[in-house]
Amino acid sequence: MNARIINKLLMLPVVMLVVSFTVFVAVRHLPGDPARMLAGPAATQDAVDAMHHSLGLDRPLLQQYGGFMRGALGGDLGISIESRQSVGHEIASHFPYTLLLGLSAYALALCFGIPGGLAAAMFEDGAWDRIFMGVTIVLASVPNFWFALLLMELFSVRLGLLPLMGAHSWSSLLMPSLTLALMPMALIGRMTRASMIAVLSRDYIRTARAKGVGLVRLCLRHALPNALPPVITVIGMNLGSVIGGAVVTETVFGWPGLGHLMIEAVRWRDYPVIEGVTLVAVLSVILANLAADILISRIDPKARRT
């Protein structure tokens, strides 16, 4: 295990502490009062104050945060203000949907991004390279919700081939996965192309080509393994944008994942759920980056010594 991975492991508690405190303070400055929302618009001030006390919102901020951290360290993220169920239970019931959606989107992004970038690098400045670069620019520029609406109009409203919303069958996964895959597909494809072009310009590649090694074999066997580390780094770092994009995508398609849960929590000013989902999202990004670093250290021997 190299020094960078060890440093990230040591920094993990610090990052989680800073994020948890920042989110804890930020959500309590959101407009709106959850006690007032639960008590109802016609409730008296005494009823609202009683609701504040029952929710623990009348205690000092640092005291509330201390109680939250004691519970979080023991695996208890609190009780949802809106549903009155355990936040852990709420996250556990929604997380599999987000995980399935994210893995499906990443599978699409990898299946199209890496081969497309590889082919563009092999035929640099050719017709496919120009088409590929143009398509990736469009994919990276189109907002997720706009593309989602186009898919819904075409495949659900006009053709009637796919369900419009919900998570009723495997076919319900197709449009959300494709929508969420657009941005990572473009980034992975462009990074693969740039990394492959850099590797193909090295001396050992020129020597292999001078000896008569075929272009396809040269790219797949000799160049691609050396071009993968930057691509893997982008994949790990891009997980954050996938989770962020899932909030919009899940809301548009009515997909019952963490993004949908977060939107409902913000609407109800459900502080414990917002904090719990944010911590899970941050932890997922950190673990994905750690996994990327470990994979890079296995592929690239030079990374083991850094």
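None of these values were measured; they are calculated from a predicted model. (Residues numbered from 1 in each chain as written. Predicted model: local features only at pLDDT ≥ 70, side-chain atom pairs only at ≥ 80, totals over all residues. Heavy atoms only, no water.)

(A) How the structure looks around the UniProt feature "transmembrane region" (unreviewed entry) in the protein chain. Under the local residue numbering, the UniProt record ascribes the feature "transmembrane region" (unreviewed entry) to residues 9–27, 97–119, 131–149, 169–188, 231–253 and 273–296. Annotated as 100% helix and 0% strand, the span residues 97–119 places its first and last C-alpha atoms 33 Å apart. Across residues 131–149, the secondary structure splits into 89% helix and 0% strand, with the terminal C-alpha atoms separated by 24 Å. (UniProt positions renumbered as here; feature names shortened; annotations may be inferred. Helix = DSSP H or I, 4+ residues; strand = E, 2+ residues; numbered from the N terminus.)

(B) Structural view of the packing of aromatic side chains. Going through the model one piece at a time under the given rule, you end up with five aromatic pairs. A ring pair is formed by Tyr 97 and Trp 255, whose centres lie 5.9 Å apart and whose planes are at 85°; its orientation type is edge-to-face. Highlighted residues: Tyr 97 in helix 5 (residues 87–122) and Trp 255 in the loop between helix 10 (215–253) and helix 11 (258–267), separated in sequence by 158 residues. Trp 255 sits in the buried class, given a relative accessible area of 3%. Geometrically, the ring pair formed by Trp 128 and Phe 132 is tilted, given 6.0 Å between the ring centres and 40° between the ring planes. Highlighted residues: Trp 128 and Phe 132, both in helix 6 (residues 127–141), separated by four residues, approximately one helical turn. (Phe/Tyr/Trp six-rings, centres within 6.5 Å; stacked < 30°, edge-to-face > 60°. Buried < 20%, exposed > 50% of the residue type's maximum accessible area, 1.4 Å probe, protein only.)

(C) Structural view of the packing of helix 1 (residues 3–27) against helix 4 (residues 61–73). Relative to each other, helix 1 and helix 4 sit at 130°, their axes nearing to 11 Å. Considering the angle they form, helix 1 stands oblique to helix 4. Here the hand of the crossing between helix 1 and helix 4 comes out right-handed. Along its contact with helix 1, which presents Leu 17, Ser 20, Phe 21, Phe 24 and Val 25, the element helix 4 presents Leu 61, Leu 62, Gln 64, Tyr 65, Phe 68 and Met 69. Split by residue class, the contact of helix 1 with helix 4 holds nine nonpolar, two polar and no charged. (Axes fitted to C-alpha atoms, helices over the stretch in contact; angles between N-to-C directions. Parallel < 35°, antiparallel > 145°, perpendicular 65-115°, else oblique. Left-handed = near helix turned anticlockwise from the far one by under 90°. Contact = heavy atoms within 4.5 Å. Nonpolar A, V, L, I, M, F, W, Y, C, P; charged D, E, K, R; others polar.)

(D) Examining the side chain of Glu 250 more closely. Among the structural elements, Glu 250 can be located in helix 10. Despite its burial, Glu 250 pairs with no opposite charge; the closest candidate is Arg 267, at 14 Å N-O. At a separation of 2.6 Å, a polar atom in the side chain of Glu 250 contacts the main-chain amide nitrogen of Gly 259. Polar contacts involving the side chain of Glu 250 include one to the main-chain amide nitrogen of His 260, which spans 3.0 Å. Among residues more than four places away in sequence, those in contact with Glu 250 are Thr 98, Leu 101, Trp 255, Gly 257, Leu 258, Gly 259 and His 260. (Lys, Arg positive; Asp, Glu negative; His and termini not counted. Salt bridge = Lys/Arg side-chain N within 4 Å of Asp/Glu carboxyl O. Polar contact = N/O pair within 3.5 Å; in protein donor to acceptor, adjacent residues only side chain to side chain.)

(E) Expanded view of the nonpolar core. Counting 30 residues, the largest nonpolar core has Phe 68, Ile 91, Leu 261, Val 273 and Val 277 as the members making the most contacts within it. Every element with two or more residues in this core is listed here: helix 1, helix 3 (45–55), helix 4, helix 5, helix 11 and helix 12 (271–299). Each of domain 1 (3–74) and domain 2 (87–304) accounts for three or more of the residues forming this core. Beyond its immediate sequence surroundings of up to four residues, Phe 68 is in contact with Ser 20, Phe 24, Asp 76, Leu 77, Glu 275 and Leu 279. (Core = buried A, V, L, I, M, F, W, Y, C linked by side-chain atoms within 4.5 Å. Domains from an automatic or database assignment.)

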